[in-house]
Amino acid sequence: MLGALASRFGAAAATAVLSTAAVFLLIRAVPGDVVGEMLGQSAGDPAAEEALRAFFGLDRPLWRQYLGWAADALRGDLGASWRQGLPVAGIVGEAFLVTLQIGLATLALALLAGVPLGIVAGVRQGRWPDLAVEAFSLVALSAPVFWTGMVLLIAAGAWLGWSPPLVYAGPGEDLSDNLESIALPVLALGLLQAAAYAQFARQQTARVMRQDFVRAAVARGLPPRAVYGRHLLRNVAIPLVTFAGVILVQILGGVVVVETLFAIPGLGRTLLAAIQARDYPVLQGALLLAVLVALLVNLLVDLLYAAIDPRVRGA
Amino acid sequence: MSGRARFEYGAGLLLCGLLLVVALAPGFLAGSPDAVDIARRLAPPSAANWFGTDETGRDVYARVVHGAGTTLGIVGAAVVLAALLGGVAGAVAGFVGRLGDMALSRGADALLAFPPIILGIVIAATLGPGAVNLVLALGVIYAPVFFRIARAAALGEAARAYVEAARALGHREWAVLLRHVAPNVAPTVLLQCVILFPLALQIQAALGFLGLGVPPPTPDWGASLQESRNYLTAAPWLAIFPGLALLFAAVAALLLGRGLQSRG
């Protein structure tokens, strides 16, 4: 168990190093850097460009730039933004908390709505509840999530006469403003992920329902409540818990575009702004965080799986 | 094949065929997507303009119809590119194994560690806007997925008795790979193309919405949605119809993929 854990951890660390290195090289591979954009009018003055490039360390070979950045990052120092001069860890951390709140609220919504729908559909296979859930998930999975957000904005404006506040409010500032800010993004993301959860729960329920011990329980004349409560739910619960990890990583991706639509200062908007400004330290910090969170969640899911299901431990 | 699978397959095939017609022959279905008519700007849907008009009076219906070729063409080309890159690399890696396999597998893991949209933003932003760059960005995102699938399939085939028999008969390694392993890996890769199409479509639309897609005035569904952002309350039809087109295309591909999957 300990050996398997160590090797999983090692693989995740190696992936993190490789992916950050790949991104590091990619964003430096394009012509034009922060220097040209910063100098603006006085661009073309070789002495000024040279000095600025040396100041940012862009004159060193790529591999030395990466190793320097990685060594600092390992010590917890992500450097300072080239545009704002503030520490990257602070900028990225603050943005991540905003994204995390939306992500967790979305996950809760997806769980609460998706799981019951999926289980009902799985139990009533081929009947109308199943078809209704299938139709809902087909549409919800097919609609681009930012478009769902736009439709929600239009609908809320037209029918409720309500629109979210123009400026985002954090949970620490004013809770009711904060809830108004995140309501539509969470709803848009939640509809999509509830559909994903419903599909998965339906498939898992159908799998358990086909098994002999469920049929035996029905044949023994147990009331439906006992069959579903004791035999079905216990066996469906494990994969459903671990699926939360998959959903959380998906939300992390989807939230990027939704943040732009709703002008929420989260990780996605920070990433986009950093790309546009060619602010490499912020960009690298944000990407590092995104990859680490994705890897960590996957690792946790594997561990959780092993902890619940003894059969997985040897593998 | 169950009734449901038959329905999914039939409906998917029909809708995809319909989309193909729209994408290939938009001229028969709608007028020019670029005809500007300032006098009729932001007009709501009517008999003359079924989907209304945009801020320069262009017909939204014409732009949606002509956008099919751009949007679906880019996604289609990207999926084919990813299938070629990832499929070939995966088949070779799975069949040959050893060091090359290890290096390629780690590379694929590194790319798969990113949420696809984040990788797409970084690549598309570095390459700059444009249809070809968008195809490249989407191709790089999905190549690792094809790599894994082709690798697993080739690995399974390489252990089969007929491969050993072909070797025993004295065929060269590349001939065994090309003539025996590749034809058995190809169907898996093809099915994956259909399964990934709706996912790639979402990313393509998102990149267009973020302004990282095809530059104006080329009609593109994602780009149209970006242009509609400033008119959400004044002219909601600008956002509704390109989005419905995306929804329609994704449903079509999703149904076809499910139907094909349960056909086995």
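**Comments concerning the overall build of chain B**
Counting its secondary structure elements, chain B contains nine helices and zero strands. Along chain B, helices (α) and strands (β) appear in the sequence α-α-α-α-α-α-α-α-α when read from the amino end. Counting only C-alpha atoms and orienting by the principal axes, one finds that chain B spans roughly 75 × 45 × 25 Å. For chain B, the residues scored as buried account for 50% of the 264 residues in total. Pairs at least 24 residues apart make up 71% of the contacts formed inside chain B by residues separated by at least 6 positions.

**Some details on the overall build of chain A**
In terms of regular secondary structure, chain A is built from twelve helices and zero strands. Going from the N terminus to the C terminus, chain A shows its helices and strands as α-α-α-α-α-α-α-α-α-α-α-α. Once the C-alpha set of chain A is aligned to its principal axes, its extents read approximately 90 × 60 × 35 Å. Looking at chain A as a whole, 37% of its 315 residues qualify as buried. Intrachain contacts of chain A at a sequence separation of at least 6 include 73% that bridge at least 24 residues.

**Structural notes on the interface of chain B and chain A**
Listed as interface residues are 30 residues of chain B and, on the opposing side, 35 residues of chain A. Secondary structure elements with two or more residues in the side of chain B that touches chain A: helix H3 (98–112), helix H4 (116–127), helix H7 (173–209) and helix H9 (237–263) of chain B. Among the residues making up the side of chain B that touches chain A, the classes are represented as 24 nonpolar, four polar and two charged.

**Describing the packing of helix H1 (residues 3–24) of chain B against helix H2 (residues 60–96) of chain B**
Residues and elements named next belong to chain B. Between H1 and H2, the least distance of the axes is 7 Å, while the angle of their chain directions is 105°. One way to sum up the angle between H1 and H2 is to call them roughly perpendicular. Two secondary-structure elements touch here, H1 through Leu19, Val22 and Ala23 and H2 through Val65, Ala68, Gly69, Leu72 and Gly73. A breakdown of the residues in the contact of H1 with H2 according to their chemical character gives six nonpolar, two polar and no charged.

**Description of helix H8 (residues 221–228) of chain B**
Counting buried residues in H8 of chain B gives eight out of eight residues, a clear majority hidden from the surface. Regarding H8 of chain B, the residues found buried are Trp221, Gly222, Ala223, Ser224, Leu225, Gln226, Glu227 and Ser228 of chain B. Buried residues along H8 of chain B sit in contact with helix H7 (145–160) of chain A together with H2, H7 and H9 of chain B.

**Some remarks on the environment of Gly10 of chain A**
Structurally, Gly10 of chain A is set in helix H1 (residues 2–28). Spatially, the C-alpha atoms of Gly10 of chain A and Gln125 of chain A are 43 Å apart, while their sequence positions differ by 115 residues.

**Structural notes on unusual backbone geometry**
Residue Pro217 of chain B is bonded to the preceding Pro216 of chain B through a cis peptide linkage, with omega at 10°. Take Pro217 of chain B: it is sitting in the loop between H7 and H8. At Arg278 of chain A, a residue that is not glycine, the phi angle is positive and equals roughly 50°. Turning to its location among the elements, Arg278 of chain A is positioned in the loop between helix H11 (267–277) and helix H12 (280–308). Accessibility expressed as a C-beta count within 10 Å gives 22 for Arg278 of chain A, which makes it buried.

**Some remarks on helix H10 (residues 224–262) of chain A**
All names here are of chain A. The end-to-end C-alpha separation of H10 is 45 Å, well short of the 57 Å expected for 39 residues at 1.5 Å each. Residue Leu233 marks the point of greatest curvature in H10, where the axis turns by about 45°. Looking one or two places after H10, you find Ala263, whose phi comes out positive at around 55°.

**What to know about the confidence of the model for chain B**
Segments scoring low in pLDDT should not have their predicted coordinates read at a detailed level. Chain-level pLDDT for chain B is 88 on average; 99% of the residues reach the 70-or-more range. Within chain B, H2 of chain B carries the highest mean pLDDT (92), whereas H3 of chain B carries the lowest (85).

**Overview of the nonpolar core**
Generally speaking, a soluble globular protein has its nonpolar side chains buried in company with each other. Counting 163 residues, the largest nonpolar core has Tyr197 of chain A together with Ile121 and Ala200 of chain B as its most contacted members. Broken down by element, the residue count for this core peaks at 18 residues, all from H2 of chain B. Each residue touching Ala200 of chain B, except ones within four places of it in the same chain, is listed here: Val75, Ala78, Val79, Leu138 and Tyr142 of chain B.

**Brief notes about the packing of helix H6 (residues 128–142) of chain A against H9 of chain B**
Here H6 of chain A crosses H9 of chain B at 120°, and the two axes come no closer than 8 Å. The angle between H6 of chain A and H9 of chain B falls in the class oblique. Every pair of crossing elements has a handedness; the one defined by H6 of chain A and H9 of chain B is right-handed. Where H6 of chain A abuts H9 of chain B, its residues Leu138, Val139, Leu141 and Ser142 of chain A lie against Leu247, Ala250, Val251 and Leu254 of chain B.

**Focus on the environment of Arg28 of chain A**
Note on placement: Arg28 of chain A falls in helix H1. Along the chain, Arg28 of chain A and Ala169 of chain A lie 141 residues apart, while their C-alpha atoms are 35 Å from each other.

**Section: the confidence of the model for chain A**
Summing up the model confidence of chain A, the mean pLDDT is 83 and the portion of residues at 70 or higher is 92%. The weakest mean pLDDT in chain A belongs to helix H2 (residues 34–39) of chain A at 66; the strongest belongs to H7 of chain A at 92.

**Digging into the environment of Phe241 of chain B**
Residue and element names in this part refer to chain B. Along the chain, Phe241 falls in helix H9. In this structure Phe241 comes out as buried when scored by C-beta crowding, with 23 C-beta atoms within 10 Å. Here the alpha-carbon distance between Phe241 and Tyr61, two residues 180 residues apart in the chain, equals 8.0 Å. In this view, Phe241 contacts Phe51, Val60 and Val64; residues no more than four positions away in its chain are not counted.

The rules behind the values
Residues numbered from 1 in each chain as written. Chains lettered and ligands numbered in written order. Predicted model: local features only at pLDDT ≥ 70, side-chain atom pairs only at ≥ 80, totals over all residues. Helix = DSSP H or I, 4+ residues; strand = E, 2+ residues; numbered from the N terminus. Buried ≥ 20, exposed ≤ 12 C-beta atoms within 10 Å, placed from the backbone. Contact = placed C-beta atoms within 7 Å. Nonpolar A, V, L, I, M, F, W, Y, C, P; charged D, E, K, R; others polar. Axes fitted to C-alpha atoms, helices over the stretch in contact; angles between N-to-C directions. Parallel < 35°, antiparallel > 145°, perpendicular 65-115°, else oblique. Expected span 1.5 Å × (residues − 1). Bend = angle between axes of the 7 residues up to and from the residue. pLDDT = per-residue confidence, 0-100. Core = buried A, V, L, I, M, F, W, Y, C linked by C-beta atoms within 7 Å. Left-handed = near helix turned anticlockwise from the far one by under 90°.

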